[in-house]
Amino acid sequence: MASHVAAISAFVEGAPPGELANVITDIEALTIDNPSATSELGSAFRKYNEEQFATVKLPGSSNHVIVSSHNSLGDDRYYDVGSSSCFAFDHTTQKASNVQSYALESTNLDLIKSFLKNLAPYIEEHYPDASFGVYPIQDDTEIAIAIVANKYSPKNLWNGRWRSLYKFSPSSLTLNGYIKVDVHYYENGNVRLLTTKPISRSLSSSTGAAVVREISSLEKKYQEDLNESFYNLSEGAFKGLRRQLPVTRQKVEWDKIAGYRLGHDIGTGNNNRRKLNFECLLCLGSEIAKKIRTLLPFRTPIHLCGSQSSSFLHHSPLSTFFDEAPHDWPREYRVKGSILSQRTSDESKLLA
C-alpha cells in the first residue's frame, strides 16, 4: 500500500498550475476500487501547495494570500503579515477557514514591513495579477520574500505560473533564491515549459527599497533571457528538427506564422500526422511564447526568429508527435528512426 501511495503522490506533485483538481478527479477514477486513496494523500497535497505557493482568498477579504512552508504555524495553519491574520487551510480543496488575528513577533519586524511597503507598488506595476508575502525564517536570522503570479486559461487549453523566492540575510547583506516559470499547453498534445533560475547576489544596503530594486533588476533580466530564448527557438531547435525547407519546397511566411494553429495543422491519428511539418513546429513555439507573454511581469515583446537553440523547452512531451513513421507513408518519409529525417535514396535505411 505504501508503494501505491508513493506512486499516486508523484501524480499530485507533478500537477501543472491550476490543474490540481483535475489530477484529483483522475486519481479518484483510477482508484475507484479504493475510495480512501485520496484521503491518504494529505502529505502530498500539503507539499504541492507549499512548494507551488498556493494562493487563497480569506473569508471576508478581497486579497489572496500565500500558503508556503515559510509562513506555516503547523497543523495546517498559516499566517499573513500584511493582513495580520492566520487561518486554517484545507490542502485538498484549497479553501481557507477559521481566520483569526495574528501579531507577528520578530526582531526584523520593521524591515519586513518595509519590504511589504516597497513590494506593493512593484507588484502592482509589473504583474497583471500576483500575490506576495514576507516572512522571518531560520530562527529570525533571514527574511523570505515570496512572489507568485498565476494565469489560468483552460478554455484556451493552457495554464501558467511564475514563482519567485528570495532569502535575504540582514547580517551578511546577501540575497539568494530562485525564479521558476511553469506553463502547460495541451491543445491536441501535451507540452510543458519548466524553467528555474538560481539567484545569488550581494547587496550594499539592507533597506526595503534597495532590496526591491535588486529584485526588479533580477526579474527583468530573467524575462529578457526568456525572450532571447524564444527569439532563438525557431531558427535553432525547431529548424534543426528537419530540413530547412518543408516538403512543399517553399519558405515559411513568417508574417503569417501567428495564424497557424497547432491542433488544426497537426491533427490527430496516423493519417493526419502526415501534415506535421516545419510550420507546425514553429507554431508550437509561437503558441508557447504567446502564453508565457501574458504571465511574465515585464511587458517586453517576445520575438520568434533567431539563430541559436533554446534549452527552455521541456522535450519529453513532444514525443507525442515524434513517433516512428506509419508504414503507409510515402517512401521519402519512411526513414528509420524519425519522421523528421531527410529524404534518402539508400534503400537499406528505409523501413521494411
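Further up the page is the structure itself.
Residues numbered from 1 in each chain as written. Predicted model: local features only at pLDDT ≥ 70, side-chain atom pairs only at ≥ 80, totals over all residues. Heavy atoms only, no water.

Q: How should the sheet that holds strand β8 (residues 142-153) be read in this particular structure?
A: Sheet strands associate in pairs through backbone hydrogen bonding, adopting either a parallel or an antiparallel arrangement. Strand order in the open sheet made by the five strands is β7-β8-β9-β10-β11, with antiparallel pairing throughout. What marks the edges here is a single partner per strand, and that holds for β7 (130-137) and β11 (191-202). Taken over all neighbouring pairs, the strand axes of this sheet differ in orientation by 10° on average, direction set aside. Along the sheet, helix α4 (residues 109-126) makes contact with β7, β8 and β9 (158-169), crossing β7 at roughly 165°. (Pairing = 2+ DSSP bridges. Helix = DSSP H or I, 4+ residues; strand = E, 2+ residues; numbered from the N terminus. Axes fitted to C-alpha atoms, helices over the stretch in contact; angles between N-to-C directions. Contact = heavy atoms within 4.5 Å.)

Q: Is there a simple way to think about the pattern of salt bridges in this case?
A: Side-chain pairs of opposite charge can arise where the charged atoms are in close proximity. One pass over the full model with this rule turns up five salt bridges. Here E13 and K47 are joined by a salt bridge, their closest N and O atoms 3.8 Å apart. Here E13 is found in helix α1 (residues 2-13), whereas its partner K47 is found in helix α3 (residues 42-51), with 34 residues between them in sequence. The salt bridge involving D225 is made with K221; its shortest N-O contact spans 2.9 Å. Here K221 and D225 lie together in helix α5 (residues 208-238), a separation of four residues that amounts to about one turn. (Salt bridge = Lys/Arg side-chain N within 4 Å of Asp/Glu carboxyl O.)

Q: Just checking my understanding: could you explain the sheet that holds strand β6 (residues 95-101) for this structure?
A: Strands sit in the order β3-β4-β5-β6 across an open sheet of four strands; the sheet is antiparallel. Each edge of the sheet is formed by a strand with only one pairing partner; in this case those strands are β3 (72-74) and β6. The sheet shows a mean angle of 30° between the axes of neighbouring strands, direction not considered. Sheet analysis places strand β4 (residues 77-80) next to strand β5 (residues 85-90), joined by four bridges and oriented antiparallel. In the sheet register, Y78 faces β5, and the bridge partner there is F87.

Q: Can you walk me through the side chain of N108 in this structure?
A: By the secondary structure assignment, N108 is in the loop between β6 and α4. In this structure N108 comes out as buried when scored by relative accessible area, which is 14%. (Buried < 20%, exposed > 50% of the residue type's maximum accessible area, 1.4 Å probe, protein only.)

Q: Just checking my understanding: could you explain helix α2 (residues 20-30) for this structure?
A: Residues separated by three or four positions in an α-helix point in the same direction, a consequence of the helix having 3.6 residues per turn. Listed in full, the buried residues belonging to α2 are L20, V23, I24 and I27. Here the buried residues of α2 occupy an arc of 100° about the axis, which is enough to place them on one side. Exposed residues pointing more than 90 degrees away from the buried face of α2 are listed as A21 and A29. Considering only its buried residues, α2 is in contact with α1 and α3. (Arc of directions from axis to C-beta.)

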